[in-house]
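Descriptive structure summary
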Amino acid sequence: MISAARSSPLLRASVIGLYVLAVEWTRALLAHDSRFIAAGLLLGGVALGLAALGWPATRLGLGRSRFAVRVIGGFALGAVLLLPAAARSGAVPLLPAGLAVVAIAVSIGEELAFRGALYAALDELGGAPLAVAGTTVLWTLAHALSHPPEFLGAVAAAGLLLGLWRWACKDLVAPIIGHAIADLAL
């Protein structure tokens, strides 16, 4: 993905941003037909993960240092992301068990795309504030077709939390784990 827009940081960030929006919206539209939910989720997760191709692991926040701390951070992020669900009356996991593997694929793909490649491209373009704000805005827009309007505030808050973690800890491992935990329960 990075080679397609190697010429300038603005072009690179624009291409990645448009790509992730197109993949997310296509995935959301496919999910409207129950026959395509699993395939749409799985293919969408893989397609989103492709946005990270060509980026060095360290630029994506995928280094190996402090791995145990990063995993613990992932569980903490997952717990925070589940707070809105816990506040729901009669909160129980809503995801059918058969979709667990594809939900994990989407979680990994979305994090590689949003807090990985898109974050790195926006950081290169305008620094951490643009990377955190830009990934949060595009994350929220990407979920506008798949979530009810009243839930988009929670989507934006989750995107902001994950983006701030990515900035503060220079880490993508914990957001991947936290996102997967939340997607499995929601």
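Residues numbered from 1 in each chain as written. Predicted model: local features only at pLDDT ≥ 70, side-chain atom pairs only at ≥ 80, totals over all residues. Heavy atoms only, no water.

Our next topic: the packing of aromatic side chains. Across all of its chains, the model carries one aromatic pair by this definition. On the numbers, 5.3 Å between centres and 90° between planes, the contact of Phe114 with Trp139 is edge-to-face. Of this pair, Phe114 sits in helix α6 (residues 100-126) while Trp139 sits in helix α7 (residues 128-142); the two residues are 25 residues apart in sequence, bridging distant segments of the chain. Each member of the pair, Phe114 together with Trp139, is buried. Between the NZ or CZ atom of Arg115 and the centre of the ring of Trp139, over which it lies, the distance is 4.2 Å. (Phe/Tyr/Trp six-rings, centres within 6.5 Å; stacked < 30°, edge-to-face > 60°. Helix = DSSP H or I, 4+ residues; strand = E, 2+ residues; numbered from the N terminus. Buried < 20%, exposed > 50% of the residue type's maximum accessible area, 1.4 Å probe, protein only. Lys NZ or Arg CZ within 6 Å of the ring centre and 35° of its normal.)

What follows covers the pattern of salt bridges. This structure, assessed with the given rule, holds seven salt bridges. As a salt-bridge pair, Arg27 and Glu110 come within 2.9 Å of each other at their nearest N and O atoms. Taken together, the residues span a long stretch of sequence, with Arg27 in helix α1 (residues 9-31) and Glu110 in helix α6 at a distance of 83 residues. (Salt bridge = Lys/Arg side-chain N within 4 Å of Asp/Glu carboxyl O.)

Take Leu99: it is sitting in the loop between α5 (83-87) and α6. Leu99 sits in the buried class, given a relative accessible area of 17%. Once the C-alpha coordinates of Leu99 and Ile37 are considered, the two residues, 62 residues apart in sequence, prove to be 8.8 Å apart. Not counting the four nearest positions on each side in its chain, Leu99 is found in contact with Ile37 and Ala38. (Contact = heavy atoms within 4.5 Å.)

Here we come to α1. Compared with an ideal rise of 1.5 Å per residue, which puts 23 residues at 33 Å, α1 spans 33 Å between its outermost C-alpha atoms and is within 8% of the ideal. The complete set of buried residues in α1 reads Arg12, Ala13, Ile16, Gly17, Val20, Leu21, Val23, Glu24, Arg27 and Ala28. Looking at the buried residues of α1, the elements they touch are α2 (37-49), α6 and α7. (Expected span 1.5 Å × (residues − 1).)

Counting residues in hydrophobic clusters, the biggest one holds 30 residues, and the most contacted among them are Ile16, Val20, Trp55, Phe114 and Leu118. Ranked by residues supplied to this core, first place goes to α6 with nine residues. Setting aside residues no more than four positions away along its own chain, Phe114 makes contact with Val20, Glu24, Tyr119, Thr135, Leu138, Trp139 and Ala142. (Core = buried A, V, L, I, M, F, W, Y, C linked by side-chain atoms within 4.5 Å.)

Residue Arg27 is classed as buried on the basis of its relative accessible area, which comes to 11%. Residues contacting Arg27, with those up to four places away along its chain left out, are Gly40, Leu41, Gly44, Val106 and Glu110.

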